[in-house]
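A structural walkthrough
Each chain, written out:
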Amino acid sequence: MILVVGANGMLGQDLMGLLGERGRGVDLPDIDITDMVSVQQVLTALKPKVVINCAAYTDVDGCESNTETAMQVNGEGVAFLALVTREIGAKLVQVSTDYVFDGSKGSPYREDDLQQPLNIYGESKLAGELNVDINPDNLLVRTQWLYGLHGKNFVETMLKLGQEKSVLTVVDDQIGSPTWTMDLARGIIALVDKDCRGTYHCANSGHTSWNGFAKAIFDEAGLPVQVLPMTTEQLNRPARRPLYSTLDCSKLVADTGFEPQAWREALKQYLNLRKEA
Ligand SMILES: NC(=O)C1=CN([C@@H]2O[C@H](COP(=O)(O)OP(=O)(O)OC[C@H]3O[C@@H](n4cnc5c(N)ncnc54)[C@H](OP(=O)(O)O)[C@@H]3O)[C@@H](O)[C@H]2O)C=CC1
Ligand SMILES: Cc1cn([C@H]2C[C@H](O)[C@@H](COP(=O)(O)OP(=O)(O)O[C@H]3O[C@@H](C)C(=O)[C@@H](O)[C@H]3O)O2)c(=O)[nH]c1=O
């Protein structure tokens, strides 16, 4: 059995849908990954073969003022999961982020590039990356710019703002790959099914800016919204963000044969599915 921790989140719900009878899900309050006793109780009772951890504190700006919570959930929680999965002989799959990189490389990041986070969220996720090694049977999957049917995300924010305003200003100097949680879930399952270990990148292919992504969202949704550019410096959010964080996913393709689709095609499919939902 594959246990999804954080199963009520955006990625967790898509993973649960794809896993079907192979999967089982837990989330707060039935498991609290910041509590070693809770992790031990749930994992020893359920005895999964694989644990996929989707639980995280993902409010990037919120992490700046809640450092302790960020480190507990994204860092220490992963150590507890790694200790207990090692104890029960299970594989631990941990999901991490492009925000562990500082964005200065200028070409797509590879799995072994140096992590140098710019913000507390990235620092806390890096702590999680390091803690995952407590269990040698681990798989670390970095991804980025997620959107999906079951959570707060940039696509939903834009569609909501697009109903209210005819002109929006969106940063055009951060480059990355918008990624549909359904495609990430497919990539994670492909890696698990091949029993891959170590670090992999998984994101939809191609890249754009948040501004380009916003324009594509309105184009595909048929909303007449003008999207103006601005710089990250002008936006002045609490957390610094990497300016270039595209991920090189060639190792995933080589080792599993799974090739994530182009980000714009994924967006189209997502919007169609959203209409039906
Ligand atoms: N969203 C994004 O753009 C990206 C996300 N990622 C990573 O992907 C993974 C999944 O992200 P996403 O689906 O967006 O996350 P969500 O925030 O949608 O889901 C996280 C889930 O974890 C639960 N959770 C929070 N704290 C705990 C805890 N202490 N114990 C147990 N469960 C807890 C949350 O519950 P509750 O809602 O009640 O707090 C929620 O159900 C995370 O590791 C994230 O860092 C990586 C790159 C991009
Ligand atoms: C709503 C809005 C956002 N923006 C900018 C702010 C930000 O730089 C960018 C995206 O905004 P968000 O708050 O959705 O992005 P952010 O929370 O930074 O998204 C990140 O989340 C974490 C969890 C990750 O791991 C990352 O991969 C990434 O997906 O768009 C605008 O410029 N104008 C706007 O109207």
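Calculation criteria
Residues numbered from 1 in each chain as written. Chains lettered and ligands numbered in written order. Predicted model: local features only at pLDDT ≥ 70, side-chain atom pairs only at ≥ 80, totals over all residues. Heavy atoms only, no water. UniProt positions renumbered as here; feature names shortened; annotations may be inferred. Pairing = 2+ DSSP bridges. Helix = DSSP H or I, 4+ residues; strand = E, 2+ residues; numbered from the N terminus. Axes fitted to C-alpha atoms, helices over the stretch in contact; angles between N-to-C directions. Contact = heavy atoms within 4.5 Å. Near = heavy atom within 4 Å. Polar contact = N/O pair within 3.5 Å; in protein donor to acceptor, adjacent residues only side chain to side chain. Areas by Shrake-Rupley, 256 points an atom, 1.4 Å probe, with all protein chains shown as cover. Nonpolar A, V, L, I, M, F, W, Y, C, P; charged D, E, K, R; others polar. Buried < 20%, exposed > 50% of the residue type's maximum accessible area, 1.4 Å probe, protein only. Expected span 1.5 Å × (residues − 1). Arc of directions from axis to C-beta.

An unreviewed UniProt entry lists the protein chain under the name dTDP-4-dehydrorhamnose reductase, from Trichlorobacter lovleyi. Under the heading Sequence similarities (unreviewed entry), UniProt records this for the protein chain: "Belongs to the dTDP-4-dehydrorhamnose reductase family." The UniProt entry for the protein chain carries the following text under Catalytic activity (unreviewed entry): "dTDP-beta-L-rhamnose + NADP(+) = dTDP-4-dehydro-beta-L-rhamnose + NADPH + H(+)".

1. Examining the sheet that holds strand E1 (residues 2-5)
If you walk across this open sheet you meet the six strands as E2-E1-E3-E4-E5-E10, and the pairing is parallel. Each having just a single partner strand, strand E2 (23-26) and strand E10 (198-201) make up the two edges of the open sheet. The average undirected angle you get between the axes of adjacent strands in this sheet is 20°. With respect to the sheet, helix H2 (residues 36-46) is in contact with E1, E2 and strand E3 (50-53), its orientation differing from that of E2 by roughly 160°. Packing of helix H4 (residues 67-88) onto the sheet brings it into contact with E3 and strand E4 (91-97), and relative to E4 it is tilted by some 160°.

2. Things to note about the UniProt feature "domain: RmlD-like substrate binding" (unreviewed entry) in the protein chain
As recorded in UniProt, the feature "domain: RmlD-like substrate binding" (unreviewed entry) lies at residues 2-272. Across residues 2-272 one finds 44% helix and 17% strand; the C-alpha atoms that close the span lie 29 Å apart.

3. Let's talk about the site of ligand 2
Looking at ligand 2, there are 21 residues lining it, with Thr 97, Asp 98, Tyr 99, Val 171 and Arg 241 nearest. At a separation of 2.9 Å, an oxygen atom of ligand 2 approaches a polar side-chain atom of Tyr 121. Protein chains shield 83% of the accessible area of ligand 2, which is 720 Å² for the free molecule. The greatest single-element share of the shell around ligand 2, amounting to four residues, is contributed by helix H6 (residues 154-164). Residues that form the shell around ligand 2 fall into these classes: twelve nonpolar, six polar and three charged.

4. Considering helix H1 (residues 10-19)
Every buried residue belonging to H1 is among Met 10, Leu 11, Gly 12, Asp 14, Leu 15 and Leu 19, and all of these are buried. Residue Gly 20 follows H1 closely and has a positive phi angle near 55°.

5. Observations concerning helix H11 (residues 263-276)
In a regular helix each residue adds 1.5 Å, so 14 residues correspond to 20 Å; H11 covers 20 Å between its end C-alpha atoms and thus fits that length. Of all the positions in H11, only Trp 263, Ala 266, Leu 267, Tyr 270 and Leu 271 are classed as buried. Seen end-on, H11 carries its buried residues on one side only, within an arc spanning 135°. In this structure, H11 carries Lys 275 and Glu 276 as exposed residues pointing more than 90 degrees from its buried face. Each element contacted by the buried residues of H11 is listed here: strand E6 (146-147), H6, strand E9 (179-180), helix H7 (181-193), strand E11 (208-209) and helix H8 (210-221).

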